[in-house]
Amino acid sequence: MNELSIEVQEGAYTLVRDVMKVQPGEAVVITADTGSDWNVVEATAKAAKLVGAKPLVLWYSMPPHVGKAADPYLPMGPLEAALKNADVWIEFNKSWLLYSTPWDRVMAERSVRYICLVGMTGDMMVRNIGRINVPVLLEFQRVLAKLTRESRKMEITSPAGMDVKFENDPGRPVFTEGDVNGPGDYMLFGQVDWAPVEETINGTIVFDGSVWPPQELGILKEPIALEVEEGKVVGIDGGWEARFFERWLRSFNDPGMFNIAHLSYGCNPGAKLTGNILEDERVWGAVEWGLGNQAESFKGKFGPAKSHTDGICLAPTVKGDGRYIIKDGEYAHPELKRLEKRLLKE
């Protein structure tokens, strides 16, 4: 018999009741593939039942790709039909449905509360959800989003050699992930993300934490340096991982895969670098750049691509209009430092 730990069950209950705000009678669809942690799936289904909802688990073979590149491997008809009739959709797929054709169509209905928890494991559930003071973390994220929204010209450097400048559009959203309020697409808290003005992104971005997908990568042995001009990657340097990454991007025969889609801060105090991108992009004080498909919600200019990938940059220094937001991987603004003390204490 498969035993669930008390801590995992507690984290799942927090996710269902407090984060997704599941109500009695609601239909909660949980998607998973053969790369998912079944303990997490089962704990979440049980939590949904405990709050009086109606859980349904959809499980299938893990596709070799993510986003629209996964479409040919999906049971499209029944998958889409079930998701369109859900009140809540919790995604635990290892090869994510995010940005796939079923995801696009379900999100267009604007009737489902969706959260992306791709590749969530039991250990991650405990550290990144169950042991987090969610209200304080969301307050931290709102302050971080405000500082970013109010910054027009930004610069990010890192010890690995990153040196990139760009501008923000005050009319675009800066998302405080995990703050669920009505139908829409949500991410796990511990992340603040936005799309800078694409044509202003210039310089060198260096991934020195992890990259995923492709599935062959994860925690990096050597940095991958991206030369960026007007928001497009025009050169990739590094060792075998950089060469493999470039071949993977080119394999889609889609120039959009070389577009900078978004930028994120990591601020979940329970996150650590594991090679699982869901957790890696929430590592405290890290930044993450997304390439490829750009979600419509970012209100950017690049739009769709065949797939999407994310890379992690460690110990960055981030300045907004000359003011430190992060310095050497630590949040530097006084208001953020005040909230950090509360967050880490509790």
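Residues numbered from 1 in each chain as written. Predicted model: local features only at pLDDT ≥ 70, side-chain atom pairs only at ≥ 80, totals over all residues. Heavy atoms only, no water.

A.B. asks: Got a minute to help me understand the sheet that holds strand 8 (residues 184-187) in this structure?
C.D. replies: In a beta sheet, neighbouring strands pair by backbone hydrogen bonds and run either parallel or antiparallel. Taking strand neighbours across the sheet as the criterion, the five strands line up as 2-1-3-4-8 in an open arrangement whose pairing is parallel. Looking at which strands have only one partner, the edges of the open sheet turn out to be strand 2 (54-60) and strand 8. Neighbour-to-neighbour, the strand axes of this sheet turn through a mean angle of 20°, independent of strand direction. Relative to strand 3 (residues 88-91), strand 1 (residues 27-33) runs parallel, the two being bridged by four bridges. (Pairing = 2+ DSSP bridges. Helix = DSSP H or I, 4+ residues; strand = E, 2+ residues; numbered from the N terminus. Axes fitted to C-alpha atoms, helices over the stretch in contact; angles between N-to-C directions.)

A.B. asks: Before we go on, may I ask you to explain the packing of aromatic side chains in this structure?
C.D. replies: For any pair of aromatic rings, the description rests on two quantities: the centre-to-centre distance and the angle between the ring planes. Counted by the stated rule, this structure contains 15 aromatic pairs. Ring centres 6.1 Å apart and planes at 75° place the aromatic pair tryptophan 103 and tyrosine 114 in the edge-to-face group. Here tryptophan 103 is found in helix 4 (residues 101-109), whereas its partner tyrosine 114 is found in strand 4 (residues 113-116), with 11 residues between them in sequence. On the basis of an interplanar angle of 90° and a centroid distance of 5.0 Å, the ring pair of tryptophan 248 and phenylalanine 252 is categorised as edge-to-face. Taken individually, tryptophan 248 and phenylalanine 252 each receive the classification buried, so the pair is uniform in this respect. (Phe/Tyr/Trp six-rings, centres within 6.5 Å; stacked < 30°, edge-to-face > 60°. Buried < 20%, exposed > 50% of the residue type's maximum accessible area, 1.4 Å probe, protein only.)

A.B. asks: Looking at this model, I keep getting lost on a nonpolar patch on the surface. Mind explaining?
C.D. replies: A contiguous nonpolar surface patch, about 310 Å² in accessible area, is contributed by Trp38, Val57 and Trp59. Take valine 57: it is sitting in strand 2. (Patch = residues over 30% accessible without salt bridge, like charges linked within 9 Å, V, L, I, M, F, W, Y side chains within 5 Å. Areas by Shrake-Rupley, 256 points an atom, 1.4 Å probe, with all protein chains shown as cover. Salt bridge = Lys/Arg side-chain N within 4 Å of Asp/Glu carboxyl O.)

A.B. asks: Looking at this model, I keep getting lost on the sheet that holds strand 14 (residues 260-266). Mind explaining?
C.D. replies: If you walk across this open sheet you meet the six strands as 7-9-14-15-16-11, and the pairing is antiparallel. Both edges of this open sheet fall to strand 7 (175-176) and strand 11 (211-212), since each of them pairs with a single strand only. Here strand 14 runs beside strand 15 (residues 287-292); their pairing, made up of five bridges, is antiparallel. Across the sheet, the residue bridging to serine 264 is glutamate 288, located in strand 15. Seen against the sheet, helix 6 (residues 134-149) touches strand 7, strand 9 (191-194) and strand 14 and runs at an angle of roughly 25° to strand 9. Sitting on the sheet, helix 7 (residues 240-250) is in contact with strand 11, strand 15 and strand 16 (308-313), with an inclination near 155° to strand 16. (Contact = heavy atoms within 4.5 Å.)

A.B. asks: Would you mind going over the packing of helix 1 (residues 6-19) against helix 2 (residues 38-50) with me for this structure?
C.D. replies: A pair of packed helices is characterised by two quantities: the angle between their axes and the separation of those axes. Where helix 1 meets helix 2, the closest approach of the two axes is 8 Å, and the angle between their N-to-C directions is 55°. Looking at the two axes, helix 1 sits oblique to helix 2. Relative to helix 2, helix 1 is oriented so that their crossing is right-handed. Across the interface between the two elements, Val8, Gln9, Ala12, Tyr13, Leu15 and Val16 from helix 1 touch Asn39, Ala43, Thr44, Lys46, Ala47, Ala48 and Leu50 from helix 2. (Parallel < 35°, antiparallel > 145°, perpendicular 65-115°, else oblique. Left-handed = near helix turned anticlockwise from the far one by under 90°.)

A.B. asks: Looking at this structure, how should I read the environment of serine 210?
C.D. replies: With respect to the helices and strands, serine 210 occurs in the loop between strand 10 (202-207) and strand 11. Assessed through its relative accessible area of 1%, serine 210 is described here as buried. In this structure, the C-alpha to C-alpha distance between serine 210 and asparagine 259, residues 49 residues apart in sequence, is 19 Å.

A.B. asks: Looking at this model, I keep getting lost on the side chain of glutamate 279. Mind explaining?
C.D. replies: Looking at the secondary structure, you find glutamate 279 in helix 8 (residues 277-280). Judged by relative accessible area, glutamate 279 falls into the buried class, the value being 1%. Among the polar contacts made by the side chain of glutamate 279, one reaches the side chain of arginine 127 at a distance of 2.4 Å. Ignoring sequence-local partners within four residues, the contact set of glutamate 279 consists of Met124, Arg127, Asn128, Gly270, Ala271, Lys272 and Thr274. (Polar contact = N/O pair within 3.5 Å; in protein donor to acceptor, adjacent residues only side chain to side chain.)

A.B. asks: Teacher, can you tell me more about unusual backbone geometry here?
C.D. replies: Apart from glycine, the bulk of residues carry a negative phi angle, and the bulk of peptide bonds sit in the trans form. In this chain, tryptophan 212 is followed by proline 213 through a cis amide linkage whose omega measures -15°. For the bond from proline 213 to proline 214, the omega torsion is 10°, close enough to zero to count as cis. Assignment of secondary structure puts proline 214 in the loop between strand 11 and strand 12 (224-229). One non-glycine residue, asparagine 253, lies in positive phi territory at about 50°. Relative to the helices and strands, asparagine 253 resides in the loop between helix 7 and strand 14. Residue asparagine 253 is classed as exposed on the basis of its relative accessible area, which comes to 67%. Positioned with a positive phi, aspartate 321 is a non-glycine residue whose angle comes to about 50°. Assignment of secondary structure puts aspartate 321 in the loop between strand 17 (317-320) and strand 18 (323-327).

A.B. asks: How should the packing of helix 1 against helix 5 (residues 122-130) be read in this particular structure?
C.D. replies: Two elements in contact, helix 1 and helix 5, have axes whose closest approach is 8 Å; the angle formed by their N-to-C orientations is 55°. When the interaxial angle is binned, helix 1 and helix 5 end up oblique. Between helix 1 and helix 5 lies a crossing of left-handed hand. Facing Glu7, Val8, Gly11, Ala12, Thr14 and Leu15 of helix 1, the residues of helix 5 in contact are Gly122, Met125, Val126, Ile129 and Gly130. Class assignment for the residues of the contact of helix 1 with helix 5 results in six nonpolar, four polar and one charged. (Nonpolar A, V, L, I, M, F, W, Y, C, P; charged D, E, K, R; others polar.)

A.B. asks: Where do I start with the nonpolar core in this structure?
C.D. replies: In summary, soluble globular proteins display a tendency toward joint burial of nonpolar side chains. If you look at the biggest cluster of nonpolar residues, it comprises 120 residues, and the most contacted ones within it are Ile90, Phe207, Phe245, Tyr265 and Trp289. Per-element tally for this core: the top contributor is helix 6, with nine residues. When sequence neighbours within four positions are dropped, the list of residues in contact with phenylalanine 245 reads Phe207, Val211, Pro213, Pro214, Leu217, Ile224, Leu226, Ile236, Leu291 and Thr309. (Core = buried A, V, L, I, M, F, W, Y, C linked by side-chain atoms within 4.5 Å.)

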